[in-house]
Amino acid sequence: MRELLKKLYSIAGKESQKLSRMIVFEILKSIFEGISLGAILFLLLKIFEKLFEQKEVVMNDVYIVFGIAVLSVAGKIVFGYLADRNKYIATYNLGAENRLYIGDKLKQVNMGYFNSNRLGHISGGLTSVIGELETVGVNIIEMMFVGIIQTVIMACFMLPFDFITGVIILITLMIGLFVNAVFQNKADQLTKKLQKLKVELNANTLEFVKGIGVIKSFGKNKEMLGDLENSISDNKKGYFNVEKVIVPVNLIFLLVFKLGMCAIILSSIVRYSNGELEPYKTVMLIVSSFIVFAGFEMAGSMQNLRGIAVQNLDAITKLRDIKTISEGQKVTIEPQVYCGHCYPCRHGKYNLCEELKVMGFQTTGTASEYFAVDASKVTPIPEDMSYEEGAMIEPLAVAVHGVKQMGDVTGMNIVVIGAGPIGNLVAQSAKGMGAAKVMITDVSDLRLEKAKECGIDVCVNTRNKNFGEAMVEAFGSDKADVIYDCAGNNITMGQAIKYARKGSVIVLVAVFAGMAEIDLAVANDHELDIKSTMMYRHDDYVDGIRLVNEGKVHLRPLISKTFAFKDYLKAYQYIDDNRETTMKVIINVQEK
């Protein structure tokens, strides 16, 4: 209960006051509920006294019972109305405000957030999770409060009337709470799994319905239907597994209170038989045993829902805690413009968007002192990283994404063809990500010197040495595990296919200018795995920044020259005039 309240208040915001008022009014309502039960017991007491003791029911007693009944009914109505009013307003506003709050934060997150968080999951979280919170979460608190308070009030009424029975009620209540706590952990584990299954089902359903046009056009109809059917099946199993635990637990929970009821009855009969209890009291206690635990029995049956409420609150808290960009923070831009609706986008591969555009090419570029960009397209960089290095994170992300096409490269022997900026960064990234040995080739001694400066193991000018011989010399007869083509022409791809070890991998990182002419017969005969790579995603930016921070990738040697913003055209002229000796040129928009 305490955990549930803590989590609920953490997301309640300004609705916390209404929740507090609701709880206070529920307590008062429960007190009046207990008073009404007390009035009933008082009336029964007088009736049993008349039946067994031949005592007359005086009018004063009738007036007392009537007055208590009227007071309790009035209190229940007034405080019940106030409690419900605050509950409904608080739950509605709580749901609406969290949807708006989370929605606003999602507008400010980097698109990389959606690599590990499917849009369907988020949509499910904003619909079913918050919906269940509105309908279930607060109601569970209400039921459990009412049940506990009513039982305590009944014990308080009973203690002065019959101390032993009052003690039995309190002991039974404590045992019930203990049993609830013992089995709650197992129930929470199952409801956590069930919550994931429900969100997965919502995600698959929403993505199937929203993307039906794309699904059909790409022939994914059968695959997506299969995912949806599997989610439905998993949900069924999840519900059954929860019920297998919850039903026995509820039975044990109810058994505790039935035993408490039996203890009251047995105690009354034994004491009556021994002459310690009057007949009217005995009958009175037996009748009261059937109603003293009614409220808490109902609260106990909410145990499984309590777990669901906690999981819902955790899911909402996770969405509320999404990290966003703060004002004045150093950032670098991911320049992709994507639709967010096509199949690749919905599955986190927005670098393959069906409508992909790039800032500065198909959309407005950043050649200005100020540039407005959506928060989802910026990535924070460390405060001690220079803006020049920050600008170099984009090409580094290209390299990191390319290296990752092989998965874990730890311990691999790697060849990189082309020692330009991207090739250099691919070689550095491969070493930084654990490659055993890296060889880089080019026809430019200057670029190879830069590679050597950046720590690349073997630098070969293929004007002077045969590519195949150089690879055997560097790695032995087993050659390389993977060849990255960062030059992108028929000669380099031809070299890769001709000299690659049979059954090895070639990754095309460079962009071919036109139709390639390569020997697919050899590629087929040698069972070569030819992969390609396209731009990057947010995690590539993050990994690139990490490699720079750890000193495994060096960016400054690749910066050939820096120009002030006023010399913007001169920068491009410099590149045209020095193509063979230029790596990367930086334009400082802050320098006048």
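Here the structure is a predicted model, which means the values were calculated and not measured.

The rules behind the values
- For every chain, the first residue of its written sequence is number 1, and the numbers climb from 1 along that sequence.
- Reporting of local features is limited, given that this is a predicted model, to residues whose pLDDT is at least 70; pairs of side-chain atoms are given and counted only at 80 or more, and all residues count toward the totals for whole chains, interfaces and linings.
- To obtain the side-chain values, all non-hydrogen atoms of the structure were included, while hydrogens and water were left out.
- Paired rings are identified among Phe, Tyr and Trp, the last through its six-membered ring, by centres lying within 6.5 Å, and are further divided according to the angle between planes into stacked (under 30 degrees), edge-to-face (over 60) and tilted (the rest).
- Remark: exposure states derive from per-residue accessible area (1.4 Å probe, protein chains only) relative to the maximum for the residue type, with buried under 20%, exposed over 50%, and partly exposed in between.
- In this scheme, the term charge over a ring applies when either NZ of a lysine or CZ of an arginine sits within 6 Å of the ring centre and within 35 degrees of the ring normal.
- Residues belong to a common nonpolar core when they are buried Ala, Val, Leu, Ile, Met, Phe, Trp, Tyr or Cys residues joined through side-chain atoms within 4.5 Å.
- A run of DSSP states H or I qualifies as a helix once it reaches four residues; a run of E qualifies as a strand once it reaches two. Both are numbered from the N-terminal end.
- Only heavy atoms enter the contact rule, under which two residues are in contact if any of them lie within 4.5 Å.
- As a rule, the C-alpha atoms of each element are fitted with a line to give its axis, helices using only the stretch in contact, and angles between N-to-C directions run from 0 to 180 degrees.
- Should an angle fall under 35 degrees it is taken as roughly parallel, and over 145 as roughly antiparallel, whereas 65 to 115 is taken as roughly perpendicular and any remaining angle as oblique.
- Amino acid classes used here: Ala, Val, Leu, Ile, Met, Phe, Trp, Tyr, Cys and Pro are nonpolar; Asp, Glu, Lys and Arg are charged; the rest, including Gly, are polar.

A. How the structure looks around the packing of aromatic side chains. Following the criterion strictly, the structure yields seven aromatic pairs and no others. Ring centres 5.3 Å apart and planes at 75 degrees place the aromatic pair Tyr 536 and Tyr 541 in the edge-to-face group. Each of the two residues, Tyr 536 as well as Tyr 541, counts as buried. Through a chain of ring-to-ring contacts, three or more aromatic side chains come together here, namely Phe 565, Tyr 568 and Tyr 572. Against the face of Tyr 387 rests Lys 330, its NZ or CZ located 4.9 Å from the ring centre. We note Lys 377 situated over the ring of Tyr 338; from NZ or CZ to the ring centre the distance is 4.5 Å.

B. Spotlight on the nonpolar core. In terms of nonpolar packing, the biggest core is built from 46 residues, with Ile 414, Val 416 and Tyr 484 touching the most fellow members. Mapped by element, the contributors of at least two residues to this core are α13 (393-404), β5 (413-417), α14 (421-432), β6 (437-442), α15 (445-453), β8 (482-485), β9 (505-508) and α19 (538-549). At seven residues, the largest contribution of residues to this core is made by α13. Beyond its immediate sequence surroundings of up to four residues, Val 416 is in contact with Gly 423, Val 426, Ala 427, Val 438, Met 439, Ile 440, Thr 441, Tyr 484 and Cys 486.

C. Molecular detail of the packing of α13 against α19. It is the contact of α13 with α19, at a shortest axis distance of 8 Å, that shows an interaxial angle of 105 degrees. Considering their axes alone, α13 and α19 lie roughly perpendicular with respect to each other. For the pair α13 and α19, the contacting residues are Ile 393, Glu 394, Leu 396, Ala 397, Val 400, His 401 and Lys 404 in the first and Asp 539, Asp 540, Tyr 541, Asp 543, Gly 544, Ile 545, Leu 547 and Val 548 in the second. Per-class residue counts for the contact of α13 with α19 are eight nonpolar, two polar and five charged.

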